[in-house]
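Coordinate inspection notes
What follows is the residue order along each chain.
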Amino acid sequence: QVQLVESGGGLVQAGGSLRLSCAASGRTFSSYTMGWFRQAPGKEREFVAAISWSGGSTYYADSVKGRFTISRDNAKNTVYLQMNSLKPEDTAVYYCAATLAKMSTMDRVYQYWGQGTQVTVSS
């Protein structure tokens, strides 16, 4: 089992940057594909980015491509989401998730979820 704890959210002005972190428990972190999802008020949860177990492959939603970067440090059991050029429409609760399956944009593929961290982008 994997427990995930996100951090790094906050309030930032449009055009600013934030880096989210997701710390995982367990000795098998490096076996898991990791993903970031977000959910804005009144909207369904949506895929943001995913990274393979080795970090060698990544995938992004079109809405964040070129602005967000997902990375991982398996020695630290941590996955990151660097968010640049933030827009008000990026405002949401951001969740990290883990799966033993291959990278996927579908949330039902991910077995483990963190509690979420709020990101608010002001205009």
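Scroll up to find the structure this text is about.
Described below are features of the structure shown in this document. (Residues numbered from 1 in each chain as written. Predicted model: local features only at pLDDT ≥ 70, side-chain atom pairs only at ≥ 80, totals over all residues. Heavy atoms only, no water.)

Our next topic: the state of the cysteines. One covalent bond between the sulfur atoms of two cysteine residues makes up a disulfide. For the structure shown, the criterion picks out 1 disulfide. Two residues, Cys-22 and Cys-96, share a disulfide whose sulfurs are 1.9 Å apart. On the sign convention where negative is left-handed, the bridge of Cys-22 and Cys-96, at about 45 degrees about the S-S bond, is right-handed. Of the two residues, Cys-22 sits in strand 3 (residues 18–24) while Cys-96 sits in strand 9 (residues 92–99), which places them 74 residues apart along the sequence. Classification of Cys-22 by relative accessible area gives buried; the value is 0%. Its relative accessible area of 0% is what places Cys-96 among the buried residues. (Disulfide = S-S within 2.5 Å. Helix = DSSP H or I, 4+ residues; strand = E, 2+ residues; numbered from the N terminus. Buried < 20%, exposed > 50% of the residue type's maximum accessible area, 1.4 Å probe, protein only.)

What the rule picks out here adds up to 7 aromatic pairs. When the ring of Phe-37 is compared with that of Tyr-110, the centres are 5.2 Å apart and the planes differ by 75 degrees; the resulting orientation is edge-to-face. Separated by 73 residues along the polypeptide, Phe-37 in strand 4 (residues 33–39) and Tyr-110 in the loop between strand 9 and strand 10 (112–113) bring together distant segments of the chain. Each member of the pair, Phe-37 together with Tyr-110, is buried. One aromatic cluster is present, formed by Phe-37, Phe-47, Tyr-59, Tyr-95, Tyr-110 and Trp-113 through successive ring pairs. Above the plane of the ring of Tyr-95 lies Arg-45, whose end atom (NZ or CZ) is 5.9 Å from the centre. (Phe/Tyr/Trp six-rings, centres within 6.5 Å; stacked < 30°, edge-to-face > 60°. Lys NZ or Arg CZ within 6 Å of the ring centre and 35° of its normal.)

In this section: the side chain of Asp-90. As for its position among the elements, Asp-90 is in the loop between strand 8 (78–83) and strand 9. Taking relative accessible area as the criterion, Asp-90 reaches 0% and is therefore assigned buried. Those residues in contact with Asp-90, other than ones at most four positions away along the chain, are Arg-38, Arg-67, Phe-68, Ser-85, Val-119 and Val-121. (Contact = heavy atoms within 4.5 Å.)

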